[in-house]
Amino acid sequence: MPSVIALDAMGSDRAPKPEIEGAIHAARHYGVRVMLVGPEAIIKAELDRHPTALRLPLEIVHASEYVTMQDKAMQAVRAKRDSSMRVGLRLVREGHAAGFVTAGNTGAAMVTAKMVLGALPGVDRPALAAVFPTAPGTAAILLDVGANVDCKPHNLEQFAVMGEIYFRVMFGNMFGNAFGRRHGKLGPRVGLLSIGEEETKGNQLTRESFQLLKQLPLNFVGNVEGRDLYNGHVDVIVADGFVGNVALKISEGVANLVRHALKESLRATITRQVGYLLSRSAFIDFKKRLDHTEYGGAPLLGLKGVCIITHGSSNANAMKNAIRVAAEFSERRINESIERGLRALRPAHVGAEVVHSK
């Protein structure tokens, strides 16, 4: 049976256009069944502009309200009980959908997801994990990228375990190929984002977290710096949500600058335009590697269910890939792997930390 994914049809800045176009592409290319959640009249009016979509596995699930970017997270959760976010997450909780995707208000999505789905045993705080391209052509993930602005060392410890499992399950083929053998990779390399590689570098949070991470049964490589996000020297980068979100936003800004500068440069002279035409496939490949829409969205790791959060500015391609990520996350049973991993991680220690934090 194909995966069933609930999609917040009213989340993005230009909703519901990119959501519906993305759902159509996902249903057509991946065979995924998509439940479009939101006001039925609005969704149907947009769907009617795509006559061929009638033959695809798309379904409208009515929700009378939706959360805007201007809504405050807690107020939206309390006041809008029939929002597309809440209804979509309820579909996951009740087993009608394998996962939920939204490009809506990130704060409201995280609060609603934690309330409706709940956290996995052993998880104090769920974390957002973002995928980055690297120079060798592999992938790296950074977490947390915004779910938790203020963290304690045991939070970063849990992030490391969840991130390592997520990377291993989603990109595990890297460890059996020639690249993995050549580099002697025993498993995903986990690093702690800091201001220097030395163990003593960083603030109190990173120094204390370092001591916890080096005791984990992971391939912990120590502190890493900002440049290591892209050089392929590490697979999983752990940070608190404040630092991780700043790193993510700076990276997106640099990627946009590179694409814009390259585009302007290629238009500068006839010679460059001819050069571009001769190397067009290489430039298209380069642009695709820097395009965040190819990576879908960021999963909220540590929940009793699948929740993917993507950009408010997402286009149809981003929505299509976010739906794909949600389906893959569910099919590979990543939450079950995370739960097993946390259960095996010194249960008494982790449990004591969680209780103490409350």
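Everything that follows concerns the structure shown earlier in this document.
Within every chain, residues take consecutive numbers counted from 1 along the sequence as written. In keeping with the model being predicted, local features are shown solely for residues with a pLDDT of at least 70 and side-chain atom pairs are shown and tallied solely at 80 or more, while totals for entire chains, interfaces and linings include all residues. Hydrogens and waters are ignored; side-chain quantities use all the structure's heavy atoms.

**Concerning the packing of helix α6 (residues 153-171) against helix α8 (residues 204-213)**
For the pair α6 and α8, the least separation of the axes is 8 Å and the interaxial angle reads 50°. The pairing of α6 with α8 is recorded here as oblique in orientation. In the crossing of α6 with α8, the sense of the turn from one axis to the other is right-handed. Where α6 abuts α8, its residues P153, H154, L156, E157 and A160 lie against L205, E208, S209, L212 and L213. Here, axes are lines fitted to C-alpha atoms. For helices the fit covers the stretch in contact, and angles between N-to-C directions go from 0 to 180 degrees. Helix numbering and strand numbering both begin at the N terminus, where a helix is a DSSP run of H or I of at least 4 residues and a strand a DSSP run of E of at least 2. Orientation categories follow fixed angle ranges, with anything under 35 degrees roughly parallel, anything over 145 roughly antiparallel, 65 to 115 roughly perpendicular, and all other angles oblique. For a crossing to be left-handed, the near helix must be turned anticlockwise from the far one by less than a right angle; the clockwise case is right-handed. Contacts are residue-level and defined by heavy atoms, with any inter-residue pair within 4.5 Å sufficient.

**As for the nonpolar core**
We define the nonpolar core as a collection of buried residues of types Ala, Val, Leu, Ile, Met, Phe, Trp, Tyr and Cys that are connected through side-chain atoms lying within 4.5 Å of one another. Type-normalised accessible area, obtained with a 1.4 Å probe on protein chains alone, sets the label of each residue: buried when under 20%, exposed when over 50%, and partly exposed for intermediate values. In terms of nonpolar packing, the biggest core is built from 60 residues, with L36, L58 and Y166 touching the most fellow members. At nine residues, the largest contribution of residues to this core is made by α6. Judged by nonpolar contacts, the second largest core, of 41 residues, contains V4, V37, V67 and L142.

**Some thoughts on the pairing of strand β7 (residues 189-193)**
Taken across its five residues, β7 has five buried, putting it largely inside the fold. Burial along β7 is two-sided: R189, G191 and L193 and V190 and L192, pointing in opposite directions, are all buried. A pair of strands counts as paired when DSSP detects no fewer than two bridges linking them. With five bridges connecting them, β7 and strand β8 (residues 219-224) associate as parallel partners. Bridged to V190 within β8 is F220. A crossover gets the label right-handed when its path from the first strand over the helix to the second runs clockwise, viewed with the strands pointing away from the viewer. After leaving β7, the chain enters α8 and then returns to the sheet as β8, a path that is right-handed. Looking at chain direction, β7 and strand β9 (residues 236-238) are connected through three bridges and run parallel. Residue G191 lies in a different strand from β9, and its bridge partner there is I237.

**Things to note about the sheet that holds β9**
Here we have eleven strands laid out as an open sheet, ordered β3-β2-β1-β4-β11-β10-β5-β6-β9-β7-β8, and mixed in their pairing. Of all strands in the sheet, those bounded by a partner on one side alone are β3 (58-62) and β8. When the angles between neighbouring strand axes are averaged without regard to direction, this sheet yields 25°. Contacts from α8 reach β7 and β8 within the one sheet, and its direction differs from that of β7 by about 160°.

**Some thoughts on the packing of aromatic side chains**
Describing an aromatic ring pair means giving the distance of the ring centres and the angle of the ring planes. Each aromatic pair joins two rings of Phe, Tyr and Trp (for Trp, the six-membered one) with centres within 6.5 Å, and gets the label stacked for planes under 30 degrees apart, edge-to-face for over 60, and tilted for any other angle. Going through the model one piece at a time under the given rule, you end up with four aromatic pairs. The interplanar angle of 75° and the centroid separation of 5.5 Å between the aromatic rings of F132 and Y230 together place this pair among those described as edge-to-face. Of this pair, F132 sits in strand β5 (residues 127-133) while Y230 sits in the loop between β8 and β9, and the two are 98 residues apart along the sequence. Look at F132 and you get buried, because its relative accessible area is 4%. Residue Y230 is classed as partly exposed on the basis of its relative accessible area, which comes to 32%. Seen in terms of ring centroids, F167 and F171 are 5.0 Å apart; in terms of plane orientation they differ by 45°. Their pairing is tilted. Taken as a pair, F167 and F171 lie in helix α6 at a separation of four residues, close to a single helical turn. With relative accessibility at 0%, the residue F167 sits in the buried group.

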